[in-house]
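Each chain, written out:
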Amino acid sequence: MKVLVIGSGAREHALCRSLSLDPDVTALHCAPGNAGIAEVAELHQVDALDGKTVAALATELGAELVVVGPEAPLVAGVADAVREAGIPVFGPSKEAAQLEGSKAFAKEVMAGAGVPTARSYVCTTPDEVDEALDAFGAPYVVKDDGLAAGKGVVVTGDLDAAKAHANACDRVVIEEFLDGPEVSLFAITDGETVVPLQPAQDFKRAHDGDEGPNTGGMGAYSPLPWADPKLVEEVMQTVLQPTVDEMRRRGTPFSGLLYAGLAITSRGVRVIEFNARFGDPETQVVLARLKTPLSGVLLASANGTLADLEPLRWSDDAAVTVVIASHNYPGTPRTGDPIEGLDEVAAQDTPHAYVLHAGTKRDGDAIVSAGGRVLSVTASGTDLTQARTRAYAAVDRIRLDGSQHRTDIAAKVAGAAAAGVGTTAGAGTTADAGTTAGTAGE
């Protein structure tokens, strides 16, 4: 089949890489893409937020499946425009994408579905903010109600900082702090059937030791050797299936990728937030382990035939991804710096490690940085220790002036697994990161 992927980040590069290896994919296109995606797909310049333009491109290309990667086009209704053109599309409608587009809406759905989540207040005035912060106490969890590219959440013990963030937003959700480690669990659904993927864990804070500001994610790993073997089944029964059923009952069926950001608290699993698309950087490690060809799974979601799908097949290998970010990220990043060493990774680390591009573009013969998170270096191995070793060996070959990356992605959990000791200390297990600031995978 001919496939068109919408987006330009490392998530879309991961999707395009998997689709390029799929024997059922005869032509692969991406709009607008990036310098790395150009190596596996034909690029097209298009406004990813303009549904009519995207639908026209898909029609012109004869696309038989459109995959919408980022959240903003979904919330803008791009999937609706493609469906109206009669083309199967992987991604929820504009109405259903409000599960991510509005945290207040997601809380309403969870309440209707009986899904366990943090207690919360929706606030629109300074007085409401003060009342909510006082009710929960420190540490304070303050979430911008709308999309904020992974930077709309503040988790802090500083009351003034919490108020400042809340009052800078038109509408905020203030909720109780959730203790415990975080887990990202993706599920593919056609609005009725739900097929879970393998869980992953990401690292939100900018610096080693879960220090520094929240980011869109600095790395991830899968599988989770410390997680309860029944975790996926439990989340399916208490979170994913009830949410999909509730969305259908409301008349806004959700098809596509439902991403549950979870906290494993002392009182059980709690939903931090939902996303309406594959998360970044977790997608990089989850797809690295998926053996089932991707296109058939996505098409079954788009066509409502997931119930007929064979069980997904997974590699026993572990996967780790490390994000290389621009100077000053997650503040205003410096861009335009040349990236060197990519050929060295391709020559010396393939097939165990490879580079997925996020914020890159081609400038003449050079590839330069073009965003905050620039690259995701992804590697597989027989266990997390080997996957980490391979990922960081590849990271060390890459040269980008002023760049930064965390050196401790999956370090604690890999060490504990190697020593035969159970731990949850893979990422975000300190008190501040464990609330997850509700930015899972953005």
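In case you missed it, the structure is sitting above this.
1. Things to note about the pattern of salt bridges
Thinking step 1. Counted according to the given criterion, the structure contains 22 salt bridges.
Thinking step 2. For the salt bridge of Arg119 with Glu176, the shortest nitrogen-to-oxygen distance reads 3.6 Å. Of this pair, Arg119 sits in the loop between α6 (103–113) and β6 (120–123) while Glu176 sits in the loop between β9 (172–175) and β10 (182–189); the two residues are 57 residues apart in sequence, bridging distant segments of the chain.
Thinking step 3. Judged by relative accessible area, which is 51%, Arg119 ranks as exposed.
Thinking step 4. Within the structure, one salt-bridge network assembled from shared partners comprises Arg11, Glu12, Glu71, Glu100 and Arg277.

2. Points about the nonpolar core
Thinking step 1. Val66 and Leu240 are the most contacted members of the largest nonpolar core, which has 81 residues in total.
Thinking step 2. The element that contributes the greatest number of residues to this core is helix α9 (residues 231–249), accounting for seven residues.
Thinking step 3. Setting aside its immediate chain neighbours within four residues, Val66 contacts Leu4, Ile6, Ala58, Val82, Ile87, Pro88, Val89 and Phe90.
Thinking step 4. Counting residues in each nonpolar core, the second largest holds 40 residues, with Met1, Val3, Ala14 and Leu197 among its members.

3. Here's the deal with the sheet that holds strand β7 (residues 140–144)
Thinking step 1. On the basis of which strands lie adjacent, the open sheet formed by four strands has the order β6-β9-β7-β8 and antiparallel pairing. Of all strands in the sheet, those bounded by a partner on one side alone are β6 and β8 (153–156). When the angles between neighbouring strand axes are averaged without regard to direction, this sheet yields 20°.
Thinking step 2. Note that β7 and β8 share four bridges and pair antiparallel. Opposite Val142, over in β8, you have Val154 as the bridge partner.
Thinking step 3. Against the sheet, helix α7 (residues 126–136) makes contact with β6, β7 and β9, and its axis sits at roughly 165° relative to β6, the strand it touches most.
Thinking step 4. The strands touched by helix α8 (residues 159–167) within the sheet are β7, β8 and β9, with β7 carrying the most contacts at an inclination of about 15°.

4. Digging into α6
Thinking step 1. Of all eleven residues in α6, eight are buried; the element is thus mostly enclosed.
Thinking step 2. Buried residues of α6: Lys103, Ala104, Phe105, Ala106, Lys107, Val109, Met110 and Ala113, and no others.
Thinking step 3. Looking one or two places after α6, you find Gly114, whose phi comes out positive at around 70°.

5. Let's talk about the side chain of Thr265
Thinking step 1. Mapped onto the secondary structure, Thr265 falls in strand β16 (residues 256–265).
Thinking step 2. Within the structure, the side chain of Thr265 is placed 3.0 Å from the backbone nitrogen of Arg267, a separation counted as a polar contact.
Thinking step 3. Residues contacting Thr265, with those up to four places away along its chain left out, are Leu178, Asp179 and Arg270.

6. Here's the deal with the packing of aromatic side chains
Thinking step 1. As enumerated under the stated definition, the model contains five aromatic pairs in all.
Thinking step 2. Pairing Phe90 with Phe278 gives two aromatic rings, centres 6.0 Å apart and planes at 35°, and the pair type is tilted. With Phe90 in strand β5 (residues 89–90) and Phe278 in the loop between β17 (268–275) and α10 (282–289), this residue pair connects regions lying 188 residues apart in the sequence. Here Phe90 and Phe278 have matching classes, each one buried.

7. Focus: the packing of helix α13 (residues 384–395) against helix α14 (residues 411–419)
Describing two packed helices takes the angle between their axes plus the distance from one axis to the other.
Thinking step 1. Where α13 contacts α14, the axes come no closer than 8 Å and their chain directions differ by 140°. Classified by the angle between their axes, α13 and α14 sit oblique to one another. For the pair α13 and α14, contact is made by Leu384, Thr385 and Arg388 and by Ala411, Val413, Ala414 and Ala418, respectively.
Thinking step 2. A per-class count over the contact of α13 with α14 returns five nonpolar, one polar and one charged.

8. Topic: the pairing of strand β20 (residues 353–357)
Thinking step 1. Taking burial as the measure, the five residues of β20 include five buried ones, the bulk of the element.
Thinking step 2. Judged by which residues are buried, β20 turns out to be covered on both faces: Ala353, Val355 and His357 on one side and Tyr354 and Leu356 on the other are all buried.
Thinking step 3. Of the strand pairs in this sheet, β20 and strand β23 (residues 373–381) are connected by five bridges, and their pairing is antiparallel. Each residue of the ladder has a partner; that of His357, found in β23, is Leu375.

9. Section: unusual backbone geometry
Thinking step 1. In this structure, Pro139 follows Ala138 across a cis peptide bond, with omega equal to -10°.
Thinking step 2. Inspection of the secondary structure assignment puts Pro139 in the loop between α7 and β7.
Thinking step 3. For Asn328, which is not glycine, the phi torsion reads 80° and is therefore positive.
Thinking step 4. Relative to the helices and strands, Asn328 is located in the loop between β18 (318–325) and β19 (339–340).

10. Description of the pairing of β17
Thinking step 1. Burial of β17 is extensive: seven of the eight residues sit out of reach of the surface.
Thinking step 2. Looking at chain direction, β16 and β17 are connected through seven bridges and run antiparallel. Note on β17: the bridge partner recorded for Ile264 is Val269.

11. Details of the sheet that holds β16
Thinking step 1. In spatial order, the strands read β11-β10-β16-β17; together these four strands make up an open sheet with antiparallel pairing. Of all strands in the sheet, those bounded by a partner on one side alone are β11 (194–196) and β17. Neighbour-to-neighbour, the strand axes of this sheet turn through a mean angle of 35°, independent of strand direction.
Thinking step 2. Summarising the sheet, β10 and β16 pair through eight bridges and their orientation is antiparallel. If you follow Val183 over to β16, its bridge partner there is Leu262.

12. Considering the packing of α6 against α9
Thinking step 1. Where α6 contacts α9, the axes come no closer than 9 Å and their chain directions differ by 105°. Considering their axes alone, α6 and α9 lie roughly perpendicular with respect to each other. Within the contact between the two elements, α6 uses Phe105, Val109, Gly112 and Ala113 and α9 uses Pro242, Thr243, Glu246 and Met247.
Thinking step 2. Of the residues in the contact of α6 with α9, the class split is five nonpolar, two polar and one charged.

Rules of the game
Residues numbered from 1 in each chain as written. Predicted model: local features only at pLDDT ≥ 70, side-chain atom pairs only at ≥ 80, totals over all residues. Heavy atoms only, no water. Salt bridge = Lys/Arg side-chain N within 4 Å of Asp/Glu carboxyl O. Helix = DSSP H or I, 4+ residues; strand = E, 2+ residues; numbered from the N terminus. Buried < 20%, exposed > 50% of the residue type's maximum accessible area, 1.4 Å probe, protein only. Core = buried A, V, L, I, M, F, W, Y, C linked by side-chain atoms within 4.5 Å. Contact = heavy atoms within 4.5 Å. Pairing = 2+ DSSP bridges. Axes fitted to C-alpha atoms, helices over the stretch in contact; angles between N-to-C directions. Polar contact = N/O pair within 3.5 Å; in protein donor to acceptor, adjacent residues only side chain to side chain. Phe/Tyr/Trp six-rings, centres within 6.5 Å; stacked < 30°, edge-to-face > 60°. Parallel < 35°, antiparallel > 145°, perpendicular 65-115°, else oblique. Nonpolar A, V, L, I, M, F, W, Y, C, P; charged D, E, K, R; others polar.

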